[in-house]
Protein chains: 2
Amino acid sequence: MKKLINAIDDVVKEQLEGMAVAHPDLIKVHFEPNFVYRADAPVSGKVAVISGGGSGHEPMHGGFVGMGMLDAACPGEVFTSPTPDQMYEAAKMVDGGAGVLYLVKNYTGDVLNFETAAELAFAEGVKVQSILIDDDTAVKDSLYTAGRRGVGTTVLVEKIVGGAAEAKYPLDKLSDLARKANMYGRSIGIALTSCTVPAAGKPTFDLGPNEFEFGIGIHGEPGRERFDMKTADEITEMMAAAIIDDGPYTRTVREWDNDSGEWVEKKLTDDPLKSGDEVIAFVNSMGGTPVSELYAIYRKLAEICKGKGLKIVRNLIGPYITSLDMAGCSITLMKTDAEILKFWDAPVKTPGLRWGV
Amino acid sequence: MKKLINAIDDVVKEQLEGMAVAHPDLIKVHFEPNFVYRADAPVSGKVAVISGGGSGHEPMHGGFVGMGMLDAACPGEVFTSPTPDQMYEAAKMVDGGAGVLYLVKNYTGDVLNFETAAELAFAEGVKVQSILIDDDTAVKDSLYTAGRRGVGTTVLVEKIVGGAAEAKYPLDKLSDLARKANMYGRSIGIALTSCTVPAAGKPTFDLGPNEFEFGIGIHGEPGRERFDMKTADEITEMMAAAIIDDGPYTRTVREWDNDSGEWVEKKLTDDPLKSGDEVIAFVNSMGGTPVSELYAIYRKLAEICKGKGLKIVRNLIGPYITSLDMAGCSITLMKTDAEILKFWDAPVKTPGLRWGV
């Protein structure tokens, strides 16, 4: 394993230290427990939007803290869920009096720990909500997950919900927007190589010199199937089909009831994409794949969407939700409407995503 | 070799097609000869800023075309100089009547071809200038290069000069700024792995499982020396020393005289960095190194700069001048002054770099 690191135990701490010294105008970092938060937090009268998860997916989530996106992000160790005290202390730091919304990728550890954090915050008189991101069409259940995994849609939801929070959406309305945006998003990923977790010191899995894995997770979890290597166009066709031909998906989520102080189960079914839909197209590098190859993918994706009657109205192309040094890419298509587009276009100023300001 | 490509001969063409369909609001692409240009070109009364070079360094240069940066970029095949007709046709497309400034990385093929293009444009009545970027402290002469190679400083010069061109700097004053910014910039790069050029199909060079190459070029050209792997802090110390302890550097450049219609040789010597200087710090991924590791490097670099009395007033951290999938990074420190900072901070809207708008 060759990486630009010092001691393995210090990898997350030192990258947080680097972020803090690089971007003091945008963010601050709290250590023990670890979280990244807006330099100007708390913003009075604004719902605080908080996400988090294992490290190794940079710039997500810490790189998306700042005006117009997250108020705080809680990084676990590499590919390891953060703990409830991180999420709870972050909430206390950034709560501006209008409540806290947790955006939670669907991994068992993340879900449990964010639930505990929500209960702790509520017990202190903070209105809370927790919205699940579960957009990966690759597999139904998987290692670490009951139901679909949370992947690329997370980046889009964080931007859209962050924009609406900035516009002072109240907690209920913001939660509705987050839930809708998640249900509008569908993703699929592929890997050409494994990533290497520093603490493991060797690749998470092996892929042959002429193989790729279709439907890979962002922690190197197995996907649907391995295939012999194909052209960029063929791979894009497979990926687009996994998203566009995906049927309705039903999941059961637990959301918080601030009146009763209890979790309430909800069954949510989303609609497949259909001809005439307008979409945001997100082509993401898993880390080791250069942006030039993403453009080759985008080129074919745009052609396929056009043929299917899907109109790409916005796009995002680059490494935004990565798996360390893994070569590969993911595609996310999110159906849009006027509300989503308005907040996608809103100004954002974070270390990892910036426009309009 | 596993890459997200179709036919090897179509790699550059297809990524340009992808860029064109992804960013029609920002750029257009001309094929045969190939160049990327601003969607709103020509901008009347503004000097057109044009750069280019071999492909494989994305987002540089095509990703830096747009408001506040380049008017056009001429991509060669991977790691291959573009041809004079690309540069000449690009100049004709984007010339807004105030002349054309070519920003040329110091590689023999690039320099020769941009000189020919400048002569062709001048012969058609366009005022032209060509400014050399030669900031790599690693080696004096190298494969493909007489004198120092042009590397990371290129990105910063394109941003600063692009901002000043937008503010309607005339050609002479813009050329002075470009020359100054280049002479204020110093860089060094390291590689943990080789890149793989699609047409070659195998890694450009071999590095052992515990080796890194210090002073690598952006085409995998040999650097100063190979070492056994070290910690991020140790590598950052070596890199910072190569830049900060670098003495005065004298180069002979050829610049165009629009009065006589001839090339004029100039001997230019720059000053080393010294305590009290304010700098822009640019920590760049060569492609395969994730941004999390760049923050570990930045953390140590900030500490070293502080100890040396160098004040980092701006920074840029991410993959901006890459070498395909090479793992590694480069550091650029550019001395700044009020003029440079003003145009660094100016709004920019390109596929690869955006702020303020």
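Residues numbered from 1 in each chain as written. Chains lettered and ligands numbered in written order. Predicted model: local features only at pLDDT ≥ 70, side-chain atom pairs only at ≥ 80, totals over all residues. Heavy atoms only, no water.

Caption draft 1: Broad picture of the overall build of chain A. Across its full length, chain A carries eight helices and 16 strands. Along the first, second and third principal axes, the C-alpha set of chain A runs to 55 × 50 × 40 Å. The proportion of buried residues among the 357 residues of chain A is 65%. In chain A, of all internal contacts separated by at least 6 residues, the share reaching a separation of at least 24 is 72%. Just so you have it, chain A exposes about 12000 Å², and 50% of that area is on carbon and sulfur atoms. When the 37 positive and 51 negative side-chain charges of chain A are each reduced to one mean point, those points stand 6 Å apart. (Helix = DSSP H or I, 4+ residues; strand = E, 2+ residues; numbered from the N terminus. Buried < 20%, exposed > 50% of the residue type's maximum accessible area, 1.4 Å probe, protein only. Contact = heavy atoms within 4.5 Å. Areas by Shrake-Rupley, 256 points an atom, 1.4 Å probe, with all protein chains shown as cover. Lys, Arg positive; Asp, Glu negative; His and termini not counted. Charge placed at Lys NZ, Arg CZ, Asp CG, Glu CD.)

Caption draft 2: How the structure looks around the packing of aromatic side chains. Residues and elements named next belong to chain A. Applying the stated rule across the entire model yields 18 aromatic pairs over all chains. Three or more aromatic residues link up through ring pairs in this structure, and these residues are Phe 122, Trp 256 and Trp 263. In this structure, Lys 173 packs its charged tip against the face of Tyr 169, placed 4.3 Å from the ring centre. (Phe/Tyr/Trp six-rings, centres within 6.5 Å; stacked < 30°, edge-to-face > 60°. Lys NZ or Arg CZ within 6 Å of the ring centre and 35° of its normal.)

Caption draft 3: Here's a closer look at empty space enclosed by the protein. Residues and elements named next belong to chain A. Applying the stated criterion to the full structure yields nine cavities of 30 Å³ or more. Considering only enclosed or pocket space, the largest cavity measures out at about 110 Å³ in volume. Taken together, 15 residues form the lining of the largest cavity, with Glu 58, Met 60, His 61, Gly 62 and Pro 75 sitting closest to its centre. Listing elements by their share of the lining of the largest cavity, those giving two or more residues are α1 (11–22), β3 (48–55) and β4 (72–78). Among the elements that make up the lining of the largest cavity, the one with the highest residue count is β3 (four residues). Taken together, the residues of the lining of the largest cavity sort by class into seven nonpolar, seven polar and one charged. (1 Å grid on protein atoms, 1.4 Å probe; cavity = no way out; pocket = protein on both sides within 12 Å on 5 of 7 lines; lining within 4 Å. Points joined across faces, edges and corners; volume = space filled by probe spheres on them. Nonpolar A, V, L, I, M, F, W, Y, C, P; charged D, E, K, R; others polar.)

Caption draft 4: The layout of surface pockets, seen in detail. One number sums up the size of the second largest pocket: a volume of about 1100 Å³. Surrounding the second largest pocket, 41 residues form its lining, Thr 193 and Asp 325 of chain A together with Thr 193, Ser 194 and Asp 325 of chain B being those nearest its centre. Grouping the amino acids of the lining of the second largest pocket by side-chain chemistry returns 16 nonpolar, 13 polar and twelve charged.

Caption draft 5: Structural view of the pattern of salt bridges. All names here are of chain A. Applying the stated criterion across every chain, the model contains 54 salt bridges over all chains. In this structure, Lys 180 engages Glu 339 in a salt bridge whose closest nitrogen and oxygen atoms are separated by 2.6 Å. Here Lys 180 is found in helix α5 (residues 171–184), whereas its partner Glu 339 is found in helix α8 (residues 338–345), with 159 residues between them in sequence. Under the relative-accessibility criterion, Glu 339 is labelled partly exposed at 24%. Through salt bridges with shared partners, a single ionic network connects Asp 134, Arg 148, Arg 186, Asp 246, Arg 251 and Asp 270. (Salt bridge = Lys/Arg side-chain N within 4 Å of Asp/Glu carboxyl O.)

Caption draft 6: Representation of the sheet that holds strand β9 (residues 225–228) of chain B in the model. All names here are of chain B. Here six strands make up an open sheet; going across it, the order is β9-β8-β7-β14-β12-β13 and the pairing mixed. The open sheet terminates on both sides in strands that have one partner only, identified here as β9 and β13 (311–318). On average, each strand axis in the sheet is inclined to that of its neighbour by 20°, with strand direction left out of account. Strand direction decides the pairing type here: strand β8 (residues 211–214) and β9, joined by four bridges, are antiparallel. Looking across to β9, one finds that Phe 212 is bridged to Phe 227. Contacting β7 (185–191), β12 (278–285), β13 and β14 (328–335), helix α4 (residues 153–166) runs over the sheet at an angle of about 45° to β14. Seen against the sheet, helix α5 (residues 171–184) touches β7 and β14 and runs at an angle of roughly 50° to β7. (Pairing = 2+ DSSP bridges. Axes fitted to C-alpha atoms, helices over the stretch in contact; angles between N-to-C directions.)

Caption draft 7: Layout of the interface of chain A and chain B. Contacts between the two partners involve 50 residues from chain A and, on the opposite side, 50 residues from chain B. Of the roughly 4000 Å² buried where chain A meets chain B, counting both sides, 61% is carbon and sulfur surface. A per-residue breakdown of the area chain A buries against chain B is headed by Lys 2, Leu 4 and Tyr 295 of chain A, which together make up 22% of the total. Summed over the shared surface of chain A and chain B, the number is four salt bridges. Salt-bridge contacts for Glu 17 of chain A lead to Arg 299 of chain B; the nearest nitrogen and oxygen are separated by 2.6 Å. At the junction of chain A and chain B, the tally comes to 26 residue pairs in polar contact (both at pLDDT 80 or more). For the side of chain A that touches chain B, the elements supplying multiple residues, two or more each, are α1, α6 (232–244), α7 (291–307), β13 (311–318) and β16 (354–355) of chain A. (Buried area = accessible area lost by both parts, 1.4 Å probe. Polar contact = N/O pair within 3.5 Å; in protein donor to acceptor, adjacent residues only side chain to side chain.)

Caption draft 8: Up close: the pairing of β4 of chain A. All names here are of chain A. β4 sits mainly inside the fold: six of its seven residues count as buried. As defined by bridge partners, β3 adjoins β4 across five bridges and the pair is classed as parallel. Considered in β4, the bridge of Gly 52 is made with Cys 74.

Caption draft 9: Structural detail: the relation of the copies chain A and chain B. For the match of chain A to chain B, the screw axis carries a shift of 0.0 Å, the RMSD comes to 0.0 Å, and the turn is 180°. Classification of the inter-copy transformation places it as that of a two-fold axis. Taking C-alpha positions as reference, the residue of chain A nearest the rotation axis is Gly 288 of chain A, located at 2.2 Å. By residue overlap, the copies meet face to face through one surface: 100% of the interface positions of chain A are interface positions in chain B. (Least-squares fit on C-alpha atoms with pLDDT ≥ 70 in both.)

Caption draft 10: Here's a closer look at the environment of Asn 113 of chain A. Residue and element names in this part refer to chain A. For Asn 113, the position within the fold is in helix α3 (residues 108–123). Taking the C-alpha atoms as reference points, Asn 113 and Met 87, 26 residues apart in sequence, are found 8.1 Å from one another. Those residues in contact with Asn 113, other than ones at most four positions away along the chain, are Ser 81, Pro 82, Thr 83, Pro 84 and Met 87.

Caption draft 11: Highlighting the pairing of β7 of chain B. All names here are of chain B. Within β7, seven of the seven residues are buried, which leaves the element mostly enclosed by the surrounding structure. By the bridge criterion, seven bridges tie β7 to β14 in an arrangement that is antiparallel. By the bridge assignment, Gly 189 is partnered in β14 with Ser 330. When β7 meets β8, the two strands line up antiparallel, connected through two bridges.

Caption draft 12: How the structure looks around the domain arrangement of chain A. Residue and element names in this part refer to chain A. Domain annotation for chain A reports domain 1 (14–184 + 248–270) and domain 2 (188–244 + 274–335). Centre-to-centre, using C-alpha coordinates, domain 1 lies 24 Å away from domain 2. Taken together, the contacts link 27 residues of domain 1 with 27 residues of domain 2. Summed over both sides, the interface of domain 1 with domain 2 buries roughly 2200 Å², with 68% coming from carbon and sulfur. Taken as a group, Phe 79, Leu 156 and Tyr 184 account for 26% of the area that domain 1 buries against domain 2, more than any other trio of residues on that side. (Domains from an automatic or database assignment.)

Caption draft 13: Summary view of the side chain of His 57 of chain A. Residues and elements named next belong to chain A. Along the chain, the position of His 57 falls in the loop between β3 and β4. A residue is classified by how much of its surface remains accessible, and His 57, at 1% relative accessible area, is buried. At 3.2 Å, the side chain of His 57 forms a polar contact with the side chain of His 219. In this structure His 57 touches Phe 79, Ile 218, His 219, Tyr 320, Ile 321, Thr 322 and Ser 323, once residues within four positions along its chain are discounted.

Caption draft 14: Fine view of unusual backbone geometry. A cis amide bond links Glu 58 of chain A to the next residue, Pro 59 of chain A, at an omega of 10°. For Leu 324 of chain B, which is not glycine, the phi dihedral falls at a positive 55°. Summarising the element assignment, Leu 324 of chain B is placed in the loop between β13 and β14.

Caption draft 15: Structural view of the packing of α4 of chain B against helix α8 (residues 338–345) of chain B. Residues and elements named next belong to chain B. Viewed as axis vectors pointing N to C, α4 and α8 meet at an angle of 90°, and their least axial separation amounts to 7 Å. The pairing of α4 with α8 is recorded here as roughly perpendicular in orientation. For the pair α4 and α8, the contacting residues are Leu 156, Lys 159, Ile 160, Gly 163 and Ala 164 in the first and Ile 340, Phe 343 and Trp 344 in the second. For the contact of α4 with α8, a count of residues per class yields six nonpolar, one polar and one charged. (Parallel < 35°, antiparallel > 145°, perpendicular 65-115°, else oblique.)

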